[in-house]
Each structure stands twice: as C-alpha cells, then as structure tokens.
Amino acid sequence: MVREAYKSELNDLLELYLHLHENSVPEMSEHLMHTWDTIMNDVNHHIIVKEVQGKLVASCVCVIIPNLTRGVRPYAFVENVVTHADYRGKGYATECLNYASEIAQKENCYKMMLLTGSKNESTLRFYENAGYNSADKTAFIKWL
C-alpha cells in the first residue's frame, strides 16, 4: 500500500532513512518532535510511504511550493527518495514517486523537480524511467 505517513510512524521512517544516507537515528529531542509536528501539520508537505506487511520499505517526500509565476501555479519538489536495501528492485520507490506525481497534478503543479547526489548509472536511469530528465535545468547546490 502506498499512502502518506501517519504521525505515529516517525521511528519507522527514521529507521528507513538509515538506507538513504543517515548513519544513525537521531535522538528523540524536542527539536526533532517540533520538526515532525511542523511537517505533519503542513498541508503542502507530503511524506509518502510504501508499506509491505506492516513495514515501511520505501518513501519519498513531496513538497508543494506556492508560486507567483507560470500562471500562479505551484511546483513540486521531491526529496529523500529511499528504499530499504532488502526491498530494492521491486518498484516500490517508483510507486512512491507516482503517488507524488498524483499529488502534484491534483495541486495543479506545472513541474516536479528532484535532485540526486548519485552518479550511479542505475540510479540515474531509475529517475529517467520515472519521467524526470536532467537536460531541462541545471542544479546548483550551496551547502549551509
């Protein structure tokens, strides 16, 4: 089942993020809980998860960003695309990205964007097969 994350699934999501780029689950601090509450209460912030037999096995984040250009149409930004290592190659992340696309279309977004730090050809092909391209825009990152 693909759906949006429940508020009670913070720990499960943090465990899944260990398969993204995190080295450890962050401490349950007031800051973490405030951030989680902020995300859960933001109608434009969607944490999409794939659940298999009660376990979160894939996820992505889709944020709808209001915009004053392009006919005052918003755009969507996708981040934190991850699949648990034991469940890769089954199409679960693609299902999450498709769900994000449905949200973006429903919100009348004119485009969706995502960035990847991966140079792995299979990862890049995965995003291309999901409908994204790297030819239309050039991304620049400033780490803070």
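Preceding this section is the structure that the text describes.
In short, a report on the structure. (Residues numbered from 1 in each chain as written. Predicted model: local features only at pLDDT ≥ 70, side-chain atom pairs only at ≥ 80, totals over all residues. Heavy atoms only, no water.)

Bringing the overall build of the chain into the picture now. If you tally the helices and strands in the chain, you get four helices and five strands. When the elements of the chain are put in sequence order from the N terminus, they spell out β-α-α-β-β-β-α-β-α. In terms of overall size, the chain behaves like a compact globule, its C-alpha atoms giving a radius of gyration of 15 Å where 144 residues would be expected to give roughly 15 Å. Taken along the three principal axes of its C-alpha coordinates, the chain extends 40 × 35 × 35 Å. By residue count, 31% of the 144 residues in the chain fall in the buried class. For the chain, restricting intrachain contacts to residue pairs at least 6 apart in sequence, the fraction spanning at least 24 positions comes to 60%. (Helix = DSSP H or I, 4+ residues; strand = E, 2+ residues; numbered from the N terminus. Rg over C-alpha atoms; globule rule 2.2 N^0.38 Å. Buried < 20%, exposed > 50% of the residue type's maximum accessible area, 1.4 Å probe, protein only. Contact = heavy atoms within 4.5 Å.)

Another point: the pattern of salt bridges. For the structure shown, the criterion picks out four salt bridges. A salt bridge links Arg 3 to Glu 51, with the shortest nitrogen-to-oxygen separation between them at 2.7 Å. Of this pair, Arg 3 sits in strand E1 (residues 2-4) while Glu 51 is found in strand E2 (residues 45-52), placing the two residues 48 residues apart along the sequence. The class for Arg 3 is buried, based on a relative accessible area of 7%. In this structure Glu 51 comes out as partly exposed when scored by relative accessible area, which is 23%. For the salt bridge of Glu 95 with Lys 50, the shortest nitrogen-to-oxygen distance reads 2.9 Å. Here Glu 95, found in helix H3 (residues 92-106), pairs with Lys 50, found in strand E2; they are 45 residues apart in sequence, far enough to count as distant. By relative accessible area, Glu 95 is classed as partly exposed at 30%. Through salt bridges with shared partners, one network takes in Arg 3, Glu 9 and Glu 51. (Salt bridge = Lys/Arg side-chain N within 4 Å of Asp/Glu carboxyl O.)

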